[in-house]
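The residues making up each chain are set out below.
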Amino acid sequence: MSTARGFQFGRVTIPYRGLAMVSTAVLIGSYLSILYDIANIAGDKGDLLLLVAGAFVGATLLARKLPVWVAFAVGAVLFVGGMFAYYATIPGGVNVFSQAGQIAADNIALLTGLSILEMRKVGTWALGVAPATVFVPWYLVCRRRYMLAAASGGAALGFFVLTGDAGSFVTLAGMLGALGIIAFGTMVRYGATVGQIDVLVVALVAMVLLSATASVVPGGRASPILSNSGGGSGGNGGLISNNPRLSVQGSIELSPKVQYTVTASHEGYWKVASYDRYTGNDWIRTGGSRAYEQQSSPPGDSYEIRQTFTVKATRADAMPAAWKPIRVLGNQRLDTRISSAGSLSPKRPLTKNQSYSVVSRVPTKNPSELRTAGTDYPSDVRQRYTHVPGSTSQRLKERAGEITADAKTPYDEAVAIEQWLETNKEYSLDVDRPDGNIADSFVFEMNEGYCVYYATSMVVMLRTQGIPARFVTGYTPGQRTDEDTWVVRGLDSHAWVEVYFPDTGWVRFDPTPTDERVDAEQSIVENARENEKPGIDASGSENGTWTPEPTTTTTTTTTTTTTTTGDGTNNTSNGSTGGELPDRQRPGDGIVGTNSPARTTTTTTNATAGGGIPIELPSTSQVLYGGLLVLGLLLTARRTGLVNRAYRTMWMRWQPRDEPDADVERAFDRLEYYLSRKHRERRPGETPREYIASLSHVGVDERAERVGSLYEKARYAGEVTRDNADEAVSLVNDIVRGSDGGGTSG
């Protein structure tokens, strides 16, 4: 029950002011949850909690002493100080005048969909903004400035909505908190009625539904590794996207459609993108991209690959190239951008049959040199590529330590983890995406997975040992159709690992098992050909794989073989196929997914064994939003009187049976309600007989008079039979439904 002071439950009254403060805490908590996740990923959650606690305590204590304008000044100082601390970590210092353009550009990018997690020093940024965004709204609600509290907290939440980091649940919680502040704050001043509570609930439901359907940011959320599904006609079937954020999917589907044809001087893995920040659930590339400029060669020995890619899909927003691309040839360089990690991407999507040419310098993989590379990593590489999120379990760190216990160098550790994953996990495209940390789940709870799971786990395990590693997507070489030509299909899309070695740079490792995929790839392609699916072949690929002449092999010992391959790479095999093999042609995964909201799983639906049609049950959020929609409609109908009118209409037209006297009395009540709506209400002191007689001139006939007579008999004499009751009900039914001319229909 609502009272002047608050909501009363039995003997307990919850004051409106307390509810307004709870609503403020909900609003602040909505965007604090984002900052907490960021701080947890960056390893700064302890510092964040201390700053937040200090801001809450400070705002509560100062609310009694500081005027509002001083509090706003304190909030501004906290915010500017936090941003000063953040920009102090950015190369170039904090010269505001020289960096004003970059600061403005950064904030414009954030407000137009750039995820906060794509920022390099995101942990410092979270620590910088948290105190001000907590202090100001909490101070204001303590001072009973409810509208200002809702406005300041809502502005902070709106910022995170614009960056794309506030999911639907966070947005919903924040919107409900803001509305609660305004509503309960108003009730503090003016009290509340049941009608006002109805309006509040309807507004809450409207905001819930708005948060579920409205989107002001076109992108901003995690995208799958591929931009299109692989099976549907007309889809690009395995085209890897160069999005800055990559979500890990569940089951995926292989596509045999050709994506590119490649003419190159050497075989290679065609890299699309690399990712440095692991959240425990997905991968993010920080640092944005910049205009094209020629790149330097990797340190140490390398060999050159000149390659020309021709797009065979409908469109492509990626520019695969062997690592490391140093130069784009021709006019395409004017439409090329370079990511912070050195990968290429087009300014606008490439179209079918469009070509581009790239020169790459590939680091030479010499195990002996890599074993002696040491651990003198550049500070930026160490900071960026050895970090693991706070959700990384101790058991994963311990398992990585056990696997690498006998390794003497980072190279040997990388090989040990690569071989452990190849040996202990089975390859499968049909998996359920696990909850929680992907790497931890794959290592300890999953028996099988595909390349994304293998590569994610290897990167995280290496990082727990202090070895810089990053997650990479792209394509395996594809089908070789001539000495210098390859056909790359959707099923060649792949994920692998790059490990950093001083004086060499980034070196590829691939922990995903290969053998079982070779037969599967060929089977898929042959099946597609038999079914005459379009887009399966190009450049003579239907004629089979072209095989080069064997190169000279020199046996140095009975157990160690050194081979010089056609790409100039020296490879040493010691009885295993660990990271020491060259660019061996691993089939890809044909990774397919569709866009999904923070943290949902998209899987490929397969036919059931019995041939039945799978039934997709509604999700929890769908049930919630559906239920809230029904509640909102009911409350709106109640507020507008529709519920009462609908009830009265049913009540007037249908009468359940009871005792005879009760039936007669209700029959008369129905008649009176009907006559009041058709003609006029019964006046105070007017008897039923007088009321019905006064309406005789408008066509009320003897049937109504008979019902009135039976009512008087039941009410005052108490002598009615079952037949009398049935007669009264029947007469009223005839009148209400207009039977026999009724005389009351007009």
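We now turn to the structure provided with this report. (Residues numbered from 1 in each chain as written. Predicted model: local features only at pLDDT ≥ 70, side-chain atom pairs only at ≥ 80, totals over all residues. Heavy atoms only, no water.)

1. What about helix α18 (residues 660-678)?
- Its 19 residues place the ends of α18 27 Å apart at the C-alpha level, agreeing with the 27 Å of an ideal helix rising 1.5 Å per residue.
- Listed as buried for α18 are Pro 660, Asp 663, Val 664, Ala 667, Phe 668, Arg 670, Leu 671, Tyr 673, Tyr 674 and Leu 675. (Helix = DSSP H or I, 4+ residues; strand = E, 2+ residues; numbered from the N terminus. Expected span 1.5 Å × (residues − 1). Buried < 20%, exposed > 50% of the residue type's maximum accessible area, 1.4 Å probe, protein only.)

2. Some words on the sheet that holds strand β21 (residues 479-482)
- Strand order in the open sheet formed by 6 strands is β13-β17-β10-β5-β22-β21, with antiparallel pairing between adjacent strands. Either end of the sheet is taken by a strand with one partner, and the two such strands are β13 (325-329) and β21. For this sheet, the mean angle separating the axes of adjacent strands, direction not counted, is 30°.
- As defined by bridge partners, strand β5 (residues 258-264) adjoins strand β22 (residues 485-489) across 5 bridges and the pair is classed as antiparallel. Looking at the pairing, Val 258 lines up with Arg 489 of β22. (Pairing = 2+ DSSP bridges. Axes fitted to C-alpha atoms, helices over the stretch in contact; angles between N-to-C directions.)

3. Some details on the packing of aromatic side chains
- If you walk through the whole model with that rule in mind, you get 25 aromatic pairs.
- Summarising the aromatic geometry, the rings of Trp 125 and Phe 160 are spaced 6.3 Å apart at their centres and angled 85° between planes, so their arrangement reads as edge-to-face. Linking Trp 125 in helix α5 (residues 122-142) with Phe 160 in helix α6 (residues 146-163), this pair joins segments that are 35 residues apart in sequence. There is no split in this pair, since Trp 125 and Phe 160 are both buried.
- Ring centres 4.9 Å apart and planes at 80° place the aromatic pair Tyr 269 and Trp 496 in the edge-to-face group. Pair noted here: Tyr 269 is in the loop between β5 and β6 (270-275) and Trp 496 is in strand β23 (residues 493-501), with a separation of 227 residues, a long-range link.
- On the accessibility criterion, Trp 496 (1% relative accessible area) is buried. (Phe/Tyr/Trp six-rings, centres within 6.5 Å; stacked < 30°, edge-to-face > 60°.)

4. Things to note about the sheet that holds strand β15 (residues 344-346)
- What the 3 strands build is an open sheet, ordered β9-β14-β15; its pairing is antiparallel. Of all strands in the sheet, those with a lone pairing partner are β9 (289-291) and β15, marking the two edges. Between one strand axis and the next, the sheet turns through 40° on average, direction left out of account.

5. Some words on the pairing of β23
- Counted residue by residue, β23 has 9 buried out of 9 residues, so it is predominantly covered.
- Residues Ser 493, Ala 495, Val 497, Val 499 and Phe 501 of β23 are buried on one face, and the alternating residues His 494, Trp 496, Glu 498 and Tyr 500, pointing to the opposite face, are buried as well.
- Bridge count between strand β20 (residues 469-475) and β23: 7 bridges; the pairing is antiparallel. From the neighbouring strand, Gly 474 faces β23, where its bridge partner is His 494.
- Examined bridge by bridge, β23 and strand β24 (residues 505-509) share 5 bridges and lie antiparallel to one another.

6. Considerations on helix α20 (residues 702-717)
- When the terminal C-alpha atoms of α20 are compared, their 21 Å separation across 16 residues agrees well with the 22 Å that a helix rising 1.5 Å per residue should span.
- All of the buried residues in α20 are Arg 703, Ala 704, Val 707, Gly 708, Leu 710, Tyr 711, Glu 712 and Ala 714.
- On its buried side, α20 packs onto α18, α19 (688-694) and α21 (722-737).
- Where α20 begins, the side chain of Asp 701 points an oxygen toward the backbone nitrogen of Arg 703, at a separation of 3.1 Å.
- Positive phi appears at Gly 718, one or two residues downstream of α20, with a value of about 65°. (Contact = heavy atoms within 4.5 Å. Polar contact = N/O pair within 3.5 Å; in protein donor to acceptor, adjacent residues only side chain to side chain.)

7. Let's talk about a negative patch on the surface
- A cluster of acidic residues, Glu 426, Asp 430, Asp 432, Glu 448, Asp 515, Glu 516 and Asp 519, forms a negative patch on the protein surface.
- With 3 residues, the single largest contributor to the negative patch is helix α15 (residues 515-530).
- Structurally, Asp 430 can be placed in the loop between β18 (426-427) and α13 (438-445). (Patch = residues over 30% accessible without salt bridge, like charges linked within 9 Å, V, L, I, M, F, W, Y side chains within 5 Å. Areas by Shrake-Rupley, 256 points an atom, 1.4 Å probe, with all protein chains shown as cover. Salt bridge = Lys/Arg side-chain N within 4 Å of Asp/Glu carboxyl O. Lys, Arg positive; Asp, Glu negative; His and termini not counted. Charge placed at Lys NZ, Arg CZ, Asp CG, Glu CD.)

8. Quick word on the nonpolar core
- In this structure, Tyr 260, Tyr 450, Leu 462, Phe 471, Val 497, Val 499 and Phe 509 are the most contacted members of the largest nonpolar core, which totals 87 residues.
- Considering each element in turn, this core owes the most residues, 10 residues, to helix α14 (residues 451-464).
- Within the second largest apolar cluster, 56 residues are counted, among which are Tyr 16, Val 70, Ala 71 and Ile 284. (Core = buried A, V, L, I, M, F, W, Y, C linked by side-chain atoms within 4.5 Å.)

9. Comments concerning the packing of helix α2 (residues 45-62) against α5
- Running from N to C, α2 and α5 cross one another at 25°; their axes reach a closest spacing of 8 Å. As far as their axial angle goes, α5 and α2 are roughly parallel. Here α2 and α5 pass one another in a crossing that is right-handed. From α2, Asp 47, Leu 48, Leu 51, Val 52, Ala 55, Phe 56, Gly 58, Ala 59, Thr 60 and Leu 62 reach across to α5, where they touch Ala 126, Leu 127, Ala 130, Pro 131, Val 134, Phe 135, Trp 138, Tyr 139 and Cys 142.
- A per-class count over the contact of α2 with α5 returns 16 nonpolar, 2 polar and 1 charged. (Parallel < 35°, antiparallel > 145°, perpendicular 65-115°, else oblique. Left-handed = near helix turned anticlockwise from the far one by under 90°. Nonpolar A, V, L, I, M, F, W, Y, C, P; charged D, E, K, R; others polar.)

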